[in-house]
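Structural overview
One-letter residues, chain by chain:
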Amino acid sequence: MAADIGNRLDTQVQVKRVDRHWIKPKLDLRKLIDIDMDVGKLIDVDVEGARNAGNSNRTDGAQRPANISRNRAIARTGNIVTSRDGYAHASPFGLQTPIMPPSGGPVNSLLRGSFFGYYFKLKPSAAMRPRILLANPRGFCAGVEMAVESLDLALERFGAPVYVYHFIVHNRIIVEGFERRGAVFTNELARIPKGAHVLFSAHGVSPEIRTASQELNLRVVDATCPLVTKVHREVREFARQGYTTLLIGHAGHDEVVGILGEADGIVLIENVNQAERVRVPDAEKVAYTTQTTLSLDDCNAIIKTLRVRFPKLRGPLADDICYATQNRQRAVQALARMADAALIIGSRNSSNTMRLVEIAEAAGIPAYRIDVPDEINPEWFRRTRTLLLTSGASAPEVLVKDTIARLKTELGATCEEQPGKRELVHFPLPQGLGPP
Ligand code: SF4
């Protein structure tokens, strides 16, 4: 056995299709790994779709390989070879019996196998490579862009440490990157030394936190997204007019915690069931607002229920679910019809990311969420022909690029950027960071 066997086994061989006819082999793995293979040694070849693998046109009338089943061909063989033009054959007896796909068409999976525990891999045929539909719009929204830029500038201008009340945005990679630069994320104002710089995250804070920050003499940079601030304003206005506000959102989310702190008597509604049962002091004076990152469909179902119960229900003048959330959700809804799996980049604590996962699943396709491309398991997509790829509003574009690169390397995927709604929203930097 050759000493450099491991390196040579990394060789990847392009497999374009399997043909019924014998073609003179170009590549003989016996030579690659320098093993004197005897007929009768086991080679384990995973050939998806090779339903009738053993029934194909044998050119020499030799016996069929042993143990051939729909998805797996275990051939007692001496060789796995490819021909000059990329045709693939497994040859149990002297390079003469090709493993065949069901209809003589292209092999539609990776071929993987091992010689004596050494691994080799043949790239999938062109017909098998997943086609990525890259959603648009995706990734950073204007609020996240502004918040990230604010912290970046704050660190540059004030130096480390800069304290951040809550995570700046709900993305692990961004948070870890800023931590390395000296940002300190905390949910407790008491941990922040008096007089220090503190940044409020895109999700906003309650008035109580603002007051406490003043008392601690903290130097505040407020990076709350203006669309979250809009919901705070609405809630205050409804309270001023004597309305009970029903806030549709998810308990414990930073944004919801901040809004609930704006007035007494705000009631959180998380689902239709709660909307059906909620009690209010005056059914004539009920209003609703919503968290900015909800699922449009779920939210509409709740509002519909509330309208039946409270015919005079008041709502915001313009939708609270923000433009970025809506656009990303609509893109996923449209593309999910054409895809047979979805891959969503974003963190588990990102509300808008998790809504994208749910929307893809509701469309009937499996949806996988990753923080980073390393988390991709190629097995997820072995049967995938068309893959929807998108990212939540707090996931940076570099992760999308790295994910595509990985899918290309691992699965031979191709990528097609899809058209989508153009977003021109931009928020100015907060006071204290913008131009003088
Ligand atoms: S998702 Fe919407 S509300 Fe949230 S930060 Fe982005 S633009 Fe603002």
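1. Quick word on the overall build of the chain
A tally of helices and strands in the chain yields 12 helices and 20 strands. Pairs at least 24 residues apart make up 74% of the contacts formed inside the chain by residues separated by at least 6 positions.

2. With respect to the sheet that holds strand E16 (residues 286-290)
Strand order in the open sheet formed by 3 strands is E15-E14-E16, and the pairing between neighbours is parallel. On the outer flanks of this sheet lie strand E15 (267-269) and E16, each paired with one strand and no other. Pairs of neighbouring strands in the sheet enclose a mean axial angle of 30°, with direction left out of account. For strand E14 (residues 244-248) and E16, the ladder comprises 5 bridges, and the chain directions are parallel. Pairing of Leu 246 across the sheet is with Tyr 288, part of E16. Strand contacts of helix H6 (residues 226-240): E14 and E16, with the helix running at about 170° to E16, the strand carrying the most contacts.

3. As for the environment of Gly 392
Topologically, Gly 392 is positioned in the loop between strand E19 (386-391) and helix H12 (397-411). Distance in space between the C-alpha atoms of Gly 392 and Ser 350 is 7.5 Å, their sequence separation being 42 residues. Apart from the residues lying within four places of it in its own chain, the contact partners of Gly 392 are Ile 344, Ile 345, Gly 346, Ser 350, Asn 352, Thr 353 and Leu 356.

4. Section: unusual backbone geometry
Following Asn 136, the chain continues into Pro 137 via a peptide bond in cis, with omega recorded as -10°. The residue Pro 137 is located in the loop between strand E9 (131-134) and helix H3 (142-158) in this model. The omega torsion of the bond from Ala 160 to Pro 161 falls at -5°, within 30 degrees of zero and hence cis. Looking at the element boundaries, Pro 161 is found in the loop between H3 and strand E10 (162-165). Unusually for a residue other than glycine, His 166 sits at a positive phi of about 75°. With respect to the helices and strands, the residue His 166 is situated in the loop between E10 and helix H4 (172-181). Overall, the presence of 21 C-beta atoms within 10 Å leaves His 166 in the buried class. Residues other than glycine seldom take positive phi values, yet Asn 217 does so here, at roughly 60°. Tracing the backbone through its elements, the reader meets Asn 217 in the loop between helix H5 (207-215) and strand E13 (219-222). A residue is classified by how many C-beta atoms lie within 10 Å of it, and Asn 217, with 10 of them, is exposed.

5. Regarding the site of the ligand
Neighbouring the ligand are 15 residues; Cys 141, Gly 143, Cys 225, Thr 292 and Cys 322 lie closest to it. Listing elements by their share of the shell around the ligand, those giving two or more residues are H3, H6 and helix H10 (323-336). When its residues are assigned to classes, the shell around the ligand shows 10 nonpolar, 5 polar and no charged. Summarising the domain contributions, the shell around the ligand has at least three residues from each of domain 3 (142-224) and domain 4 (227-309).

6. Observations regarding the pairing of E13
On any regular strand, side chains alternate: one points to one face of the sheet, the next to the other face. As paired elements, strand E12 (residues 197-200) and E13 share 4 bridges and run parallel to each other. Bridge pairing links His 197 to Arg 219 in E13. You can see the chain leave E12, run along H5 and come back into E13, and the turn it takes is right-handed.

Rules and cut-offs
- Residues numbered from 1 in each chain as written.
- Predicted model: local features only at pLDDT ≥ 70, side-chain atom pairs only at ≥ 80, totals over all residues.
- Helix = DSSP H or I, 4+ residues; strand = E, 2+ residues; numbered from the N terminus.
- Contact = placed C-beta atoms within 7 Å.
- Pairing = 2+ DSSP bridges.
- Axes fitted to C-alpha atoms, helices over the stretch in contact; angles between N-to-C directions.
- Buried ≥ 20, exposed ≤ 12 C-beta atoms within 10 Å, placed from the backbone.
- Near = placed C-beta within 6 Å.
- Nonpolar A, V, L, I, M, F, W, Y, C, P; charged D, E, K, R; others polar.
- Domains from an automatic or database assignment.
- Right-handed = clockwise from strand over helix to strand, strands pointing away.

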